[in-house]
Each structure stands twice: as structure tokens, then as C-alpha cells.
Amino acid sequence: MGNVCQRYAWTIRLQWRHISAVPNSFIDTRMSSVADIDIQDDVSLYANLFGFLGAPLSSDATGGEADVAILGVPYDLGTTGRAGTRSGPSAIRQASGNLRWEEARWPWRYALADHLKMVDCGDLIFPPGDSATFAQVLHDRALDLIRSGKALMSFGGDHFISLPLLRAHHAVHGELALIHFDAHTDTYQNGGEFDHGTMFYRAPREGLIDPAASAQIGIRTEYDADQHEFLVLDADKVHQLGCQSVSDRVRERVAGRKAYLTFDIDCLDPAYAPGTGTPVAGGLSSNTVLQILRGLKGVDIVGMDIVEVAPSYDHAEITALAAATLATELLYLQVERP
Ligand SMILES: [Mn+2]
């Protein structure tokens, strides 16, 4: 993490140099002194967005003092379709600027910052082209953060990242319930060890999650229903049941256990999330998933990720904004955790 610290320090120094190049008269009239500059004071919706929602950055291995740690995971070598999710974390951070102005966010009606301390730990640093080492580095980094008592919210990257993240959460919390939003079940047996469609075939076999306590929501691609151990609330079922009933069924399935929530952005219809590698028509709307998530208030969600945002296929930041909004709602759920 030393490198992350250096990178951000470098960024801030660069701005300092830029500011230092401004004539003294400007500095004298607009600022009391150059030493007072703190990027945390920038409340604009577009500038200095190094941390999610403007959260302070932490280069500490355990993230310092906070309830929630954000971690970017710019890995996309597990992708079977179109690549590009390595740029997901920075796009989500940038889009989060749109959400900074609302203090008592609708419909929660209170300010997140009054109830939750958040740090952004930057993006994971790992050797490119080495998936095995990447998985280990992510696991170790996540474990440090979780062991320090923080809830971890990771931004992918492709969906493979959930497997090392589940291993780290399991090491601290034991076997988990999985709440999984996706167009695909990601339980395919025919993919490789680091494939973004195989994590939930492997995770139960490693004892990380209990399919009998787990639900998959928004599915609309093939799976073997006869052999499938997870509760599937597919896209048709969601529309049939309505949001509240979906939330209730997930809650029943989890039955008070500790849960990990993973949100593949392709759960949303391509109209709401075009910027993703393997889009599937006929998905859920942003409003539908927001209502389902709000219906999970009080569920003990110990860790979360939002994955598969691929900005190169996005338009007008539609997908990145959806991901940033879902992440913000998940932070509200952290406030409401039992
Ligand atoms: Mn997926």
C-alpha cells in the first residue's frame, strides 16, 4: 500500500505545484495561505474525487479508523466477454460526485456521514498478468481490512474478484449466506479457476457460502434448475412477485445469518447499465433493484461488492452512476445493520 500512498501524495503535490504557479496576488486574495489547502474541503460535484463520495483516502493496511472501507479492484482477466472492468473503480468514484450534494438522502432522510465513517483505500496493487498472485494479494488485503473490524465494499473489476473476497470474509465470519444480483448464476462448471462465471460453483465447495441460505436475483440465462442449490428469483419472477415480496423471500432464505452481498451490474437491463462486458436484455430497472435493496434493511450484510462496470461501453456515465447509487444505498444498509 506504500505505492498507493505515494501515488496519492504525488497527485496532491502536483496540484500544489499547480497552485503554487498561480500569482501570489491570487493566493493572497482567495486563500488565507497555501498551507490551508485540503482536498477534503472541496465540496464540488466534479473535482478532487479521489475517494468514493469524497471519502478520505487511507494508505494504512487496516484503513485507520472507520466503519466501512472502500477498495477498488481493477482486475479483468477473468472476463469471458468484453474486457474493460479494470476501469470500473475510478468510473464509480467519478460518478459518485453526482451524489455528494444530497445530505439527508431520499428516502432515508438522514446524512450517511452522521452515522457511518468511511475511508477509501484506493485500488488494489497487484502484478499484471498473474491471476493466482492477484487472488492471493486481494485475499490478504481484504483480510487485513476485515480483521480490523471494517465492513468492506469492493468495486470491480470482473466478478471473479468475489471469490478471493469471499475467502477473506469466510476467514473472519465463517460460512456465509450469499445475496447475489446478476443476469447469470456464475455457477458454471466448465470454466477455469480464475473465470468470472465459476465463483459460485467453487465457493460452496470450499465451504465459504451455504446455498441453502443464499439467493440469486435477476437471473435470465441458462442454468440447470434440477441440480441448482441456490434460490433463484429470476427476472420474470421478480416482475411477477414485486419488490417487497422479493426482499421478503431473500430475508427468509438468509434467516438471520451473516450475509455477503455481491452485485453484478449486468443484473440491470442494458438500458440501465450498458457499460458491462456481458449484457443481457430483459433485466431489472434501477428503481426495482433500489427497492429490493431497501427491503433488505436490517439484514446482517458483512461485506459487499459491485462488479462488472466496464466504462468503455458506457454512455453518459449511466452504468457508473447506477453502480455509485447502489453502493450508496448499500452504505445506508450498513447503518441499518443489526
Ligand atoms: Mn456475474
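Residues numbered from 1 in each chain as written. Predicted model: local features only at pLDDT ≥ 70, side-chain atom pairs only at ≥ 80, totals over all residues.

(A) How the structure looks around the packing of helix α4 (residues 131-147) against helix α5 (residues 162-173). Viewed as axis vectors pointing N to C, α4 and α5 meet at an angle of 35 degrees, and their least axial separation amounts to 8 Å. Regarding α4 and α5, the two cross each other, and that crossing is right-handed. Contact with α4, carried on its side by A135, L138, H139, A142, L143, I146 and R147, involves P164, L165, R167, A168, H169, A171 and V172 of α5 and no other residues of that element. Its residues placed into classes, the contact of α4 with α5 shows 10 nonpolar, 2 polar and 2 charged. (Axes fitted to C-alpha atoms, helices over the stretch in contact; angles between N-to-C directions. Helix = DSSP H or I, 4+ residues; strand = E, 2+ residues; numbered from the N terminus. Left-handed = near helix turned anticlockwise from the far one by under 90°. Contact = placed C-beta atoms within 7 Å. Nonpolar A, V, L, I, M, F, W, Y, C, P; charged D, E, K, R; others polar.)

(B) Highlighting unusual backbone geometry. In this chain, W106 is followed by P107 through a cis amide linkage whose omega measures -5 degrees. The topology assignment puts P107 in the loop between α3 (88-95) and β2 (118-123). A cis amide bond links G156 to the next residue, G157, at an omega of 15 degrees. The residue G157 is located in the loop between β3 (151-156) and α5 in this model. For D186, which is not a glycine, the phi torsion comes out positive at approximately 55 degrees. The class for D186 is buried, based on 27 C-beta atoms found within 10 Å. For E308, which is not glycine, the phi dihedral falls at a positive 75 degrees. Note on placement: E308 falls in the loop between β8 (301-307) and α10 (318-335). (Buried ≥ 20, exposed ≤ 12 C-beta atoms within 10 Å, placed from the backbone.)

(C) A look at the packing of helix α9 (residues 286-294) against α10. Their axes nearest at 10 Å, the elements α9 and α10 cross at an angle of 10 degrees. Taken together, α9 and α10 sit at an angle that is classed as roughly parallel. Of the two elements, α9 crosses α10, and the hand of that crossing is right-handed. Taken together, the residues of α10 that come into contact with α9 (itself represented by S286, V289, L290, L293 and R294) are A322, L326, E329, L330 and L333. A per-class count over the contact of α9 with α10 returns 7 nonpolar, 1 polar and 2 charged. (Parallel < 35°, antiparallel > 145°, perpendicular 65-115°, else oblique.)

(D) Looking closely at α5. With 12 residues, α5 extends 15 Å between its outermost C-alpha atoms, agreeing within 8% with the 16 Å of an ideal straight helix rising 1.5 Å per residue. Looking at α5, one finds that the buried residues are S162, L163, P164, L165, L166, A168, H169 and H170. (Expected span 1.5 Å × (residues − 1).)

(E) Seen up close, the nonpolar core. Membership of the largest hydrophobic core comes to 85 residues, with the highest contact counts inside it found for I92, I265, A323 and A327. When residues in this core are grouped by element, the largest group, 10 residues, is from α10. (Core = buried A, V, L, I, M, F, W, Y, C linked by C-beta atoms within 7 Å.)

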